[in-house]
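Examination of the molecular architecture
Here is how the chains run, residue by residue.
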Amino acid sequence: MKKFLKIASVVLVVAALVTAFTACGGKQETEKKALVFGTNAEFPPFEFVNSEGGTIDKFDGIDMGIAKKIGEDLDMETKIENIEFDSLIVALNNGQVDALIAGMTINEERKQSVDFSIPYYTAVQVMIVKTDSDIKSAADMKDKRIAVVQGYTGESCVKDLAEKNGGYNYEAFKKGTEAILELENGRCDVVVIDSITAKNFIGDKQDLKIVEDSTAFESEQYGIAVKKGNTELLEKINASLEKMLADGTIDNLAVKFG
Ligand code: ARG
């Protein structure tokens, strides 16, 4: 009897294993592997929440169009994780996401902790002010109340100005929309943020305008980030981006969402 039980349990275990393996195999056939992008959907026209349905789930924008296309090129299902901008690099290095697509400027500091794709978009920091403001250049921001967004390159630009010259007082907000609200309510005098997003935030608001200063702000390029050393994914992303840059896909997305 004991022997019978032993054989029976071995048979059961084998049967269970076979079922488990076939179940996995079947699953792989029907379900594509996921490519998870981290973003921060507070940055129109690159990424924002469209409650009526976006390009990927509820997420819409230029970057979402790019992410979707990369997924298609890699024959993977694209998924989006919406994370605070400040926490994106940590999420990538934790393995929570496979790549970051967030209008993220390629810079030396970030290159210490991630690898960047080829650049896919060029932008520059600009100043948003009230239409009647006397701020005409970055130097005019001295002794004014400056608002930036936490962790954005706009913050580092203003920080640099402050360190070099003194007299630049800034406050960092969690979201671009919060900084704009401060400006509209007169609680700050200027918001420093990326050019296209600035244009998008202003929209048809008559009381705000953009001031540019190309001598103070260098142009910036956006790239997709992967975990350091993940060349396999990076090469695939680069190939996909090259195609999208060459065939006008990115230009078209910029027109569509811009
Ligand atoms: N280009 C700026 C930077 O890299 C701002 C990016 C903000 N992106 C976002 N998805 N919130 O810091």
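Residues numbered from 1 in each chain as written. Predicted model: local features only at pLDDT ≥ 70, side-chain atom pairs only at ≥ 80, totals over all residues. Heavy atoms only, no water.

Below, the discussion takes up the overall build of the protein. Of regular secondary structure, the protein possesses nine helices and 14 strands. Scored against the burial criterion, the 258 residues of the protein give a buried share of 43%. A sequence separation of at least 24 residues applies to 73% of the contacts in the protein between residues at least 6 apart. Surface exposure of the protein reaches about 13,800 Å², of which carbon and sulfur atoms provide 51%. (Helix = DSSP H or I, 4+ residues; strand = E, 2+ residues; numbered from the N terminus. Buried < 20%, exposed > 50% of the residue type's maximum accessible area, 1.4 Å probe, protein only. Contact = heavy atoms within 4.5 Å. Areas by Shrake-Rupley, 256 points an atom, 1.4 Å probe, with all protein chains shown as cover.)

Moving on to the site of the ligand. Around the ligand sit 14 residues in total, of which Asn 40, Ala 102, Arg 110, Tyr 152 and Asp 194 are the nearest. Note that an oxygen atom of the ligand is positioned 2.7 Å from one of the side-chain N or O atoms of Arg 110. Between a nitrogen atom of the ligand and a side-chain N or O atom of Tyr 152, the distance comes to 2.8 Å. Considered on its own, the ligand offers 350 Å² of accessible surface; in the complex 100% of this is hidden by protein. In terms of residue class, the shell around the ligand is made up of six nonpolar, five polar and three charged. (Near = heavy atom within 4 Å. Polar contact = N/O pair within 3.5 Å; in protein donor to acceptor, adjacent residues only side chain to side chain. Nonpolar A, V, L, I, M, F, W, Y, C, P; charged D, E, K, R; others polar.)

Taking 1.5 Å of rise per residue, twelve residues should cover 16 Å, and helix H2 (residues 62-73) covers 17 Å from first to last C-alpha, within 8% of that figure. Along H2, the residues that are buried comprise Ile 62, Asp 63, Met 64, Gly 65, Ile 66, Ala 67, Ile 70 and Gly 71. Among the structural elements, strand S1 (34-39), strand S3 (47-49), strand S4 (59-60), strand S5 (77-82), helix H8 (231-246) and helix H9 (249-257) are those in contact with the buried residues of H2. Phi for Asp 75, located one or two positions after H2, is positive at around 55 degrees. (Expected span 1.5 Å × (residues − 1).)

A word on the sheet that holds S5. One open sheet holds the five strands; their spatial order is S5-S1-S6-S14-S7, and the pairing between them is mixed. Two strands in the sheet have a free side with no partner beyond their single neighbour: S5 and strand S7 (114-116). Set on the sheet, H2 makes contact with S1 and S5; between it and S1 the angle comes to about 160 degrees. (Pairing = 2+ DSSP bridges. Axes fitted to C-alpha atoms, helices over the stretch in contact; angles between N-to-C directions.)

Moving on: the pairing of strand S9 (residues 145-149). The buried count for S9 comes to four of five residues, which makes it a mostly enclosed element. As defined by bridge partners, S9 adjoins strand S10 (residues 169-173) across five bridges and the pair is classed as parallel. Pairing of Ala 147 across the sheet is with Glu 171, part of S10. Following the chain from S9 across helix H5 (residues 153-165) to the adjacent parallel S10, one finds a crossover that is right-handed. (Right-handed = clockwise from strand over helix to strand, strands pointing away.)

On to the packing of aromatic side chains, then. Applying the stated criterion to the full structure yields nine aromatic pairs. A centroid spacing of 5.7 Å and a plane angle of 85 degrees characterise the contact between Phe 43 and Tyr 152, whose relative ring orientation is edge-to-face. Here Phe 43 is found in strand S2 (residues 42-43), whereas its partner Tyr 152 is found in the loop between S9 and H5, with 109 residues between them in sequence. Classification of Phe 43 as buried rests on a relative accessible area of 3%. Exposure remark for Tyr 152: the relative accessible area of 7% places this residue in the buried category. Among the aromatic side chains, those forming a connected cluster through ring pairs are Phe 43, Phe 46, Phe 85, Tyr 120, Tyr 121, Tyr 152 and Tyr 222. (Phe/Tyr/Trp six-rings, centres within 6.5 Å; stacked < 30°, edge-to-face > 60°.)

Spatially, the three strands line up as an open sheet ordered S2-S3-S4, and their pairing is antiparallel. What marks the edges here is a single partner per strand, and that holds for S2 and S4. Of the strand pairs in this sheet, S2 and S3 are connected by two bridges, and their pairing is antiparallel. Residue pairing for S3: Phe 43 is matched across the bridge by Glu 47.

For the rest of this paragraph, the subject is the environment of Ser 117. With respect to the element layout, Ser 117 can be found in the loop between S7 and strand S8 (121-130). Counting along the chain gives 114 residues from Ser 117 to Thr 231, while the straight-line C-alpha distance between them is 9.8 Å. Apart from residues no more than four positions distant in its own chain, Ser 117 is found in contact with Ile 106, Gly 223, Ile 224, Leu 234, Ile 237, Asn 238 and Leu 241.

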